Amino acid sequence: MDLAALLQLLIPSWSSVVLLGTFFAYLAAAGSILPGKVVPGAALPDGSRLYYRCNGLVSLLLLVALLGLGAWTDFLRPTIIAERGLELLSTTLIFSTLVTLVLYAAGCNSGSNSSSLKPHVSGNLIHDLWFGIQLNPQFIGIDLKFFFVRAGMMGWLLISLSVLARSVQDGDLSLSMTLYQLFCVLYILDYFVHEEYMTSTWDIIAERLGFMLVFGDLVWIPFTFSIQGWWLLRNSIELTTTAAVTNFFIFLIGYMVFRGANKQKHMFKRNPKALIWGHPPKVVGGKLLASGYWGIARHCNYLGDLLLALSFSLPCGLSSPVPYFYPIYLLILLIWRERRDEARCAEKYREIWAEYRRLVPWRIFPYIY
Ligand code: NDP
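A brief structural summary. Residue indices begin from 1 for each chain and proceed along its sequence in written order. Selection of residues for local features in this predicted model requires a pLDDT of at least 70, selection of side-chain atom pairs for listing and counting requires 80 or more, and totals for whole chains, interfaces and linings are taken over all residues. Side-chain descriptors were evaluated using all non-hydrogen atoms of the structure, hydrogens and water having been removed beforehand.

**Remarks on the overall build of the chain**
Consideration 1: Put simply, DSSP H or I for four residues or longer makes a helix, DSSP E for two residues or longer makes a strand, and each gets a number counted from the N terminus. Per the secondary structure count, the chain includes 15 helices and 6 strands.
Consideration 2: In terms of principal-axis extent, the alpha carbons of the chain reach across some 60 × 60 × 40 Å.
Consideration 3: Out of the 369 residues in the chain, the part that is buried amounts to 46%.
Consideration 4: For the chain, the share of sequence-separated contacts (at least 6 apart) that also reach a separation of at least 24 residues comes to 75%. The buried label applies to any residue whose accessible area, calculated with a 1.4 Å probe on protein chains only, is under 20% of its type's maximum; exposed applies above 50%, and partly exposed to all values in between. In this analysis, two residues are considered to be in contact whenever any of their non-hydrogen atoms come within 4.5 Å of each other.

**Some words on the site of the ligand**
Consideration 1: What makes a residue near a molecule or strand is one non-hydrogen atom of that residue sitting within 4 Å of it. Taken together, 25 residues form the shell around the ligand, and within it Lys-269, Asp-341, Arg-344, Lys-348 and Tyr-349 come nearest.
Consideration 2: Distance and chemistry together define a polar contact, namely a pair of N or O atoms within 3.5 Å, with one atom able to donate a hydrogen and the other to accept it when in protein, and with adjacent residues in sequence counting only for side-chain atoms on both sides. Lys-265 has a polar side-chain atom sitting 3.2 Å from an oxygen atom of the ligand.
Consideration 3: Note that an oxygen atom of the ligand is positioned 2.6 Å from one of the side-chain N or O atoms of Arg-344.
Consideration 4: To be clear on the numbers: accessible area is Shrake-Rupley with a 1.4 Å probe, and residue cover counts the displayed protein chains and nothing else. Contact with the protein chains covers 84% of the free accessible surface of the ligand, which is 930 Å².
Consideration 5: At the level of elements, helix 12 (241–270), strand 6 (288–289), helix 13 (300–313), helix 14 (325–349) and helix 15 (351–359) are the ones that each hand at least two residues to the shell around the ligand.
Consideration 6: Here the shell around the ligand gets 9 residues from one element, more than from any other, and that element is helix 14.
Consideration 7: Counted by class, the shell around the ligand contains 14 nonpolar, 3 polar and 8 charged residues. Nonpolar residues are Ala, Val, Leu, Ile, Met, Phe, Trp, Tyr, Cys and Pro. Charged residues are Asp, Glu, Lys and Arg, and all others, Gly as well, are polar.

**Describing helix 8 (residues 175–193)**
Consideration 1: Expected helix span is computed as 1.5 Å times (number of residues minus one). Spanning 19 residues, helix 8 covers 27 Å between terminal C-alpha atoms, matching the ideal 27 Å at 1.5 Å per step.
Consideration 2: If you check which residues of helix 8 are buried, you get Ser-176, Met-177, Leu-179, Tyr-180, Gln-181, Phe-183, Cys-184, Tyr-187, Ile-188, Asp-190, Tyr-191 and Phe-192.

**Thoughts on helix 2 (residues 14–33)**
Consideration 1: The end-to-end C-alpha distance of helix 2 is 28 Å, a good match for the 28 Å that 20 residues give at a rise of 1.5 Å each.
Consideration 2: Of all the positions in helix 2, only Ser-16, Leu-20, Phe-23, Phe-24, Tyr-26, Leu-27, Ala-28 and Ala-30 are classed as buried.
Consideration 3: Each element contacted by the buried residues of helix 2 is listed here: helix 3 (56–72), helix 5 (85–108), strand 4 (142–143), helix 7 (144–169) and helix 10 (211–224).

**Here's the deal with unusual backbone geometry**
Consideration 1: The phi angle at Ile-140 is positive, at roughly 40°, despite the residue not being glycine.
Consideration 2: By secondary structure assignment, the location of Ile-140 is in the loop between strand 3 (138–139) and strand 4.
Consideration 3: Ile-140 sits in the exposed class, given a relative accessible area of 68%.
Consideration 4: The phi dihedral of Arg-350 falls on the positive side, at around 50°, and the residue is not glycine.
Consideration 5: Here Arg-350 shows up in the loop between helix 14 and helix 15.

**What to know about the side chain of Thr-224**
Consideration 1: You can see Thr-224 is positioned in helix 10.
Consideration 2: Relative accessible area serves as the criterion here: at 13%, Thr-224 is assigned to the buried category.
Consideration 3: One polar contact links the side chain of Thr-224 to the main-chain carbonyl oxygen of Trp-220, over a distance of 2.6 Å.
Consideration 4: Residue contacts for Thr-224: discarding those within four places in its chain leaves Val-219 and Phe-325.

**Details of the nonpolar core**
Consideration 1: Formed by 92 residues in total, the largest nonpolar core has its most connected members in Trp-156 and Tyr-187.
Consideration 2: Excluding residues within four positions of it along the chain, Tyr-187 makes contact with Met-153, Trp-156, Phe-258, Asp-305, Leu-308, Phe-312 and Tyr-326. Nonpolar cores are built from buried Ala, Val, Leu, Ile, Met, Phe, Trp, Tyr and Cys residues. Side-chain atoms within 4.5 Å join them into one set.

**Quick look at the packing of aromatic side chains**
Consideration 1: Only Phe, Tyr and Trp rings are paired, with Trp represented by its six-membered ring, and only when their centres lie within 6.5 Å; those with planes under 30 degrees apart are stacked, over 60 edge-to-face, the remainder tilted. With the rule as written, the count across this model stands at 29 aromatic pairs.
Consideration 2: A ring pair is formed by Phe-24 and Phe-147, whose centres lie 6.1 Å apart and whose planes are at 45°; its orientation type is tilted. Placement of Phe-24 in helix 2 and of Phe-147 in helix 7 is noted, with a sequence separation of 123 residues between them. Just as Phe-24 is buried, Phe-147 falls in that class too.
Consideration 3: Ring geometry for Tyr-52 versus Phe-146: centroids 4.9 Å apart, planes at 50°, classification tilted.

Now the structure itself:
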């Protein structure tokens, strides 16, 4: 494809604006109306807490059902996202930029002193736009940070399903595409089943809302994590049964480690005596879990996530690096993140952390790193 044609495909049309607007309007309405467990967020520096209604799973299932009905009654084409991928990408990018500017202007005008809304203006415009100046900005009662990450994860699924519809329509649904789609659906459904865990992640409790998170949630997650699906639309791969079975096992092991490690830490924080793999937990200094997955490596959850990311790309074979964008990006991100977290924990826990490091010397990959 030449540059002129590519640029032409990137120009947003009104229909992509309407598609995106309808998606956000649905999410805002569904998030406010549909039932869901209300989960308290972490305590903020001023002692207050936000409460999150975790109804992402029911919102997603209803959305998919409505889209299915729309496709069945010929009201909409299931392939529409796959057909308009590039212009949806640029529309979402423009939207993210506008949101960042509005967040900055609204933050600067906020007179609030609460931890959530107090503006932190550094004076460096680029820094403030990138990292944001408010911790938990709201719009019509909606917590925007929680809203955007939900939109990004659902957007990823919708893009993948539309790519799947395109592949079925073209009559070339392959084993590779089926595996990739299966992994995506399972991973995203699992994310929404465990949506409440999101409320205690670093992004939600500590990062301010600026371009980094808005763009990361709305553009980066849905459009780059789905590269494998787009790639499979244009490239045919013959997977052997052995390769497919091995791939499936990598997914399963990755899932077990990822979910198991995050769950063990979540349970330990709630009840430091909760059994780990049927045994009393090994605890360092009364605060750090040093058994189960947390006794294998200090960030075994990252290892699980990396295996999952690899399993999403393996269905594409090894002929091109393009479908490996996601695992490569994640590897860099998680190594960087682990280093930042290590520094934070060393500062917070001091000699307890040093003892934990002695007991569990591996950062992410046992016997390697
Ligand atoms: P973690 O869930 O690993 O949380 C790190 C925190 O956990 C530490 O700061 C410390 O916080 C606590 N902690 C660390 N070690 C122990 C221990 N042994 N016992 C008890 N508490 C401990 O970090 P993230 O929020 O970065 O990651 C959450 C998940 O999200 C991971 O599975 C990661 O793979 C995934 N992720 C995925 C990304 C993607 O793009 N796909 C991007 C980023 C993350 P405290 O002060 O509370 O003790």
